[in-house]
Amino acid sequence: MLTLTLLVLLGSMALALLRAVKGPTVYDRILAANAFSTKTVLLITALGFLVGEAEYYVDIALMYTLVGFIATVAVLKVSEFGNLGQSGAVRSTPAERPNK
Amino acid sequence: MTPSNTRSVLLGTLLSALWLMLSGHWDVRLLLLGLLSVAVTVWMARRMGIDDAEGLPVQQLPRLIAYLPWLARAVVASNIDVARRIVTPSLPIEPVTVRVHADQKTAVGRVVYANSITLTPGTITLEVEENSIEVHALTGEGARDLCTNEMGRRVTACEAH
Amino acid sequence: MIEVVTVILFGMLAVTAIAAIRLHDLFAVVMMFSIYSLLAAAVFVAMDAVDVAFTEAAVGVGISTVLMLATIGLVGRHEKRPAHRPGLPLAVVTLTGMVLVYGTLDMPRFGDPLAPIHQHVAPHYLQDSPVEIGIPNAVTGVLASYRGYDTLGELTVIFTAGIGVLALLGIRRRKRGES
Amino acid sequence: MIDIMSIASGMFLLVGSVFTLIGSIGIVRMPDVFTRLHAAGITDTLGAAGVLLGLALKAGFSLLLVKLLLMLVFLLLLNPTACHALARAALHGLRRPWMD
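Quick caveat, the model's predicted, so the values are computed rather than measured.

S.K.: Where do I start with the overall build of chain D in this structure?
M.R.: Counting secondary structure elements, chain D contains three helices and zero strands. Listed N to C, the secondary structure of chain D is α-α-α in terms of helices and strands. Its C-alpha atoms give chain D a radius of gyration of 17 Å, clearly above 13 Å, the size a compact globule of 100 residues would have. Per-residue burial for chain D yields a buried fraction of 61% across its 100 residues. Counting contacts in chain D only where the partners sit at least 6 residues apart, residues at least 24 apart contribute 62% of the total. Total accessible area on chain D is roughly 3,900 Å²; 76% of this is exposed by carbon and sulfur atoms. Each charge sign in chain D was given a centre, from 7 positive and 4 negative side chains, and these centres are 9 Å apart.

S.K.: Teacher, can you tell me more about the interface of chain D and chain A here?
M.R.: As a measure of interface size, the accessible area lost when the parts come together is often cited. If you look at the interface, chain D gives 42 residues, while chain A gives 42 residues. Regarding the contact of chain D and chain A, the summed buried area is about 3,700 Å², with carbon and sulfur atoms giving 77% of it. A per-residue breakdown of the area chain D buries against chain A is headed by Val28(D), Met71(D) and Leu86(D), which together make up 15% of the total. Counting the contacts that link chain D with chain A gives two salt bridges. Where chain D packs against chain A, one counts seven residue pairs in polar contact (both at pLDDT 80 or more). When residues of the side of chain D that touches chain A are traced back to their parent elements, those giving at least two are α1 (2-29), α2 (33-59) and α3 (63-93) of chain D. At 17 residues, the largest contribution of residues to the side of chain D that touches chain A is made by α3(D). Counted by class, the side of chain D that touches chain A contains 27 nonpolar, nine polar and six charged residues.

S.K.: Teacher, can you tell me more about the packing of helix α2 (residues 26-51) of chain A against helix α2 (residues 26-46) of chain C here?
M.R.: Between two packed helices, the angle of one axis relative to the other and the distance separating the axes together describe the packing. The contact between α2(A) and α2(C) brings their axes to 9 Å, and the two run at 5°. Relative to α2(C), α2(A) is oriented roughly parallel. Between α2(A), through Val26(A), Arg29(A), Ile30(A), Ala33(A), Phe36(A), Ser37(A), Thr40(A), Leu43(A), Ile44(A) and Leu47(A), and α2(C), the contact on the second element is made entirely by Phe27(C), Ala28(C), Met31(C), Ser34(C), Ile35(C), Leu38(C), Leu39(C), Ala42(C), Val45(C) and Ala46(C). Looking at the contact of α2(A) with α2(C), its residues break down into 16 nonpolar, three polar and one charged.

S.K.: Sorry, what's going on with the side chain of Asn79(D) here?
M.R.: Inspection of the secondary structure assignment puts Asn79(D) in helix α3. When neighbours within four sequence positions are excluded, Asn79(D) is seen to be in contact with Asn34(A), Thr38(A), Asp44(D) and Phe74(D).

S.K.: It is not clear to me how a nonpolar patch on the surface should be interpreted in this structure. Could you clarify?
M.R.: Together, Leu33(B), Leu36(B), Val40(B), Trp43(B), Met44(B), Met48(B) and Ile50(B) make up an exposed nonpolar region whose accessible area comes to about 750 Å². Secondary-structure assignment places Ile50(B) in the loop between α2 (28-48) and α3 (61-87).

S.K.: Even after reading the chapter, I still don't get the arrangement of the chains, so can you show me in this structure?
M.R.: Pairwise contact counts over the five pairs of chains in contact peak for chains A and D. There is a clear gap between chain C and chain D: no contact, and 14 Å between their nearest C-alpha atoms.

S.K.: Would you mind showing me how to read the pattern of salt bridges here?
M.R.: Enumeration according to the criterion identifies six salt bridges over all chains in this entry. Note that Asp28(A) and Arg36(D) form a salt bridge whose closest N and O atoms lie 2.1 Å from each other. Of this pair, Asp28(A) sits in helix α2 while Arg36(D) sits in helix α2, on two different chains. Each member of the pair, Asp28(A) as well as Arg36(D), carries the same accessibility label: buried. With a closest N to O distance of 2.7 Å, Glu127(B) and Arg88(D) form a salt bridge. With Glu127(B) in strand β2 (residues 123-128) and Arg88(D) in helix α3, this residue pair bridges two chains. Several salt bridges converge on common partners, so that one network encompasses Asp81(B), Arg84(B) and Arg85(B).

S.K.: What's the story with the interface of chain A and chain C in this structure? I'm lost.
M.R.: Listed by partner, the interface residues are 43 residues for chain A and 44 residues for chain C. Buried surface at the junction of chain A and chain C, both sides included, amounts to about 3,700 Å², of which 81% is carbon and sulfur. A per-residue breakdown of the area chain A buries against chain C is headed by Leu10(A), Leu17(A) and Tyr64(A), which together make up 15% of the total. For the interface between chain A and chain C, the tally reads zero salt bridges. Across the chain A-chain C interface, the total number found is two residue pairs in polar contact (both at pLDDT 80 or more). At the level of elements, α1 (2-22), α2 and α3 (54-81) of chain A are the ones that each hand at least two residues to the side of chain A that touches chain C. Tallied by class, the residues present in the side of chain A that touches chain C amount to 30 nonpolar, nine polar and four charged.

S.K.: Just to check I follow, could you spell out the confidence of the model for chain D for this structure?
M.R.: Residues shown with low pLDDT carry predicted positions that ought not to be read at fine detail. On average, residues of chain D score 82 in pLDDT, and 91% of them are at 70 or above. Element-level pLDDT for chain D is lowest in α3(D), with a mean of 83, against a maximum mean of 87 in α1(D).

S.K.: I tried to follow the nonpolar core on my own but got confused; where do I start?
M.R.: Among the nonpolar cores identified, the biggest contains 103 residues, and Ile30(A), Tyr64(A), Leu9(C) and Leu68(D) are the most heavily contacted of them. Beyond its immediate chain neighbours, meaning those up to four positions away, Leu9(C) contacts Leu10(A), Met13(A), Leu43(A), Leu39(C), Ala42(C), Val43(C) and Ala46(C).

S.K.: When you look at the environment of Thr20(D) in this model, what are you seeing that I'm missing?
M.R.: The topology assignment puts Thr20(D) in helix α1. For the pair Thr20(D) and Gly47(D), spaced 27 residues apart in sequence, the C-alpha to C-alpha distance is 4.5 Å. Setting aside chain neighbours within four positions, we find Thr20(D) in contact with Leu9(A), Ser12(A), Lys39(A), Thr43(D), Gly47(D) and Val51(D).

What counts, and where the lines are drawn
- Note that residues are indexed from 1 along each chain, following the sequence as it is written.
- Here every chain gets a letter starting at A, and every ligand a number starting at 1, in the order they are written.
- With pLDDT at 70 or above as the cut-off, local features in this predicted model cover only qualifying residues; side-chain atom pairs require 80 or more to be listed or tallied, and sums for whole chains, interfaces and linings still use all residues.
- Side-chain numbers come from the whole structure's heavy atoms, not from hydrogens or water.
- Numbering of helices and strands runs from the N terminus, with a helix taken as a DSSP run of H or I at least four residues long and a strand as a DSSP run of E at least two residues long.
- Only C-alpha atoms enter the radius of gyration; for comparison, a globular chain is expected to reach 2.2 Å times N to the power 0.38, where N is the number of residues.
- We call a residue buried when its accessible area falls under 20% of the maximum for its residue type, exposed when it is over 50%, and partly exposed in between, using a 1.4 Å probe and counting protein chains only.
- Whether two residues are in contact is decided by their heavy atoms: any pair within 4.5 Å suffices.
- The Shrake-Rupley method, run with a 1.4 Å probe, gives the accessible areas here. Residue values count only the displayed protein chains as cover.
- Charge counting treats Lys and Arg as positive and Asp and Glu as negative, with His and both chain ends excluded.
- For this purpose, a charge sits on NZ of Lys, CZ of Arg, CG of Asp or CD of Glu.
- Joining two parts hides part of their accessible area as seen by a 1.4 Å probe, and the buried area is that hidden amount summed over both.
- By convention in these notes, a salt bridge is any Lys or Arg side-chain nitrogen within 4 Å of a carboxyl oxygen on Asp or Glu.
- Polar contacts here mean pairs of N or O atoms no more than 3.5 Å apart (in protein, one a potential hydrogen donor and the other a potential acceptor; neighbouring residues in sequence count only if both atoms are side-chain atoms).
- The nonpolar class holds Ala, Val, Leu, Ile, Met, Phe, Trp, Tyr, Cys and Pro. Asp, Glu, Lys and Arg form the charged class, and all remaining residues, Gly among them, are polar.
- To obtain an axis, a line is fitted to C-alpha atoms, over the contacting stretch when the element is a helix, and the angle between two such axes runs from 0 to 180 degrees between their N-to-C directions.
- By definition in this entry, angles of less than 35 degrees are roughly parallel, angles greater than 145 are roughly antiparallel, angles of 65 to 115 are roughly perpendicular, and the rest are oblique.
- What goes into a patch is any residue over 30% in relative accessible area without a salt bridge, connected to like charges within 9 Å or, for nonpolar side chains (Val, Leu, Ile, Met, Phe, Trp, Tyr), within 5 Å.
- Predictor confidence is given residue by residue as pLDDT, running from a minimum of 0 to a maximum of 100.
- By convention a nonpolar core is built from buried Ala, Val, Leu, Ile, Met, Phe, Trp, Tyr and Cys residues, the set being connected through side-chain atoms within 4.5 Å.

Take a look at the structure:
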């Protein structure tokens, strides 16, 4: 069952990657990256159980959960405000121009 | 003790518990290092002013925990519904945006409500305003379910003192 | 099973890299990079390099994404058309890659316990560091104690580089009146 | 007793895998960012919960169990936040959501 889960997770990662490659907008890519990070976290945890060293692998997965969230919010902050929140910024966003 | 001090102590206790759970070391030297990192974190939280009623909703916490089983059931039910729609070849979706009334008095209550909406697949919070929430729903059915406001009433019940 | 996972992950890594090269919207490229670094970390984990994966998590996904985004905030979001033809650089890169691959042919097999690198000081570090230093993580023990001066030098370099990057990006609170 | 645990864990892993896969298929199939977010939500809730709970049943009573549950809590707390931030940014930066 663990093997099946691993294969399914790899397949889902491939699907998310497909979405990231296809786009079409930046938001689709951010969404794909976020979904990808969730799946990577699950994959790392499952790998830990497969190898039998789950104690160490879970620590990394936990860290990824938190770092992935911070990264997503940072990305969205840039897409919405055009920078990382330096004061005096205007709300003209790079993301407003639709992506080709 | 002032409320702010109480919260700092509580935050410190929570962080210490987290540190112990994650490290699993009981060596004196490592415990001291952990205590030091907890102290620095609490000090930084105080300096940034994020350990306020919003950051640590002490009073509402027990009721919020009691709300979780209902939320879990709602999440599972909507998961199955959305999953069924995805695997149906004709993709039976009709996205709508609706404005839902949110009569929660506190910011924490509104956040919990908005997050519950997003956590339930099929509905996503687009915008949170003073007393309403704009929601994107995958189906008209999901939007109607939300408009019965059962979830909203349950969240409001959590914040009553 | 682990080999299968590693190969699939490497395949996705290649796809991500090619997609990142082909995209011209830098914001999208940063997103591809963040996926790339997630994949790289998964590869590290699959190859049992847990500590490297840890570093990749902190640096690759967290800090470098944020730094690249801050740069995009400064320099704009669309790639300029290159003024020169990519033939020569491509040749140089291909040649270097081939030389590197040729170099690996001489190396001991991956994970070989009899490789020289696993025979020199590594057993001593692994067996005695809990007693000699008292830090539960052997890698931290090696970095912070056995190679303490080395690490101090590295930190100095990284700190200087960090200051340089921050100075270039100008991440600071602007004073009022300054536009 | 052990058998019941491993069967339950297998069930959870199976449910998690199925929902993760369906969510990923949704990410590829859905017509725009907002509807894709709904699909991603499936992976983030039942998919992640299934996989992590299945692994938690394998872990038994240990620090590992605590870490796995903590990871699940973080995922369930942070993902809707990231999802909402993404929806909001997309709403501001993009044209209106896709309608039928």
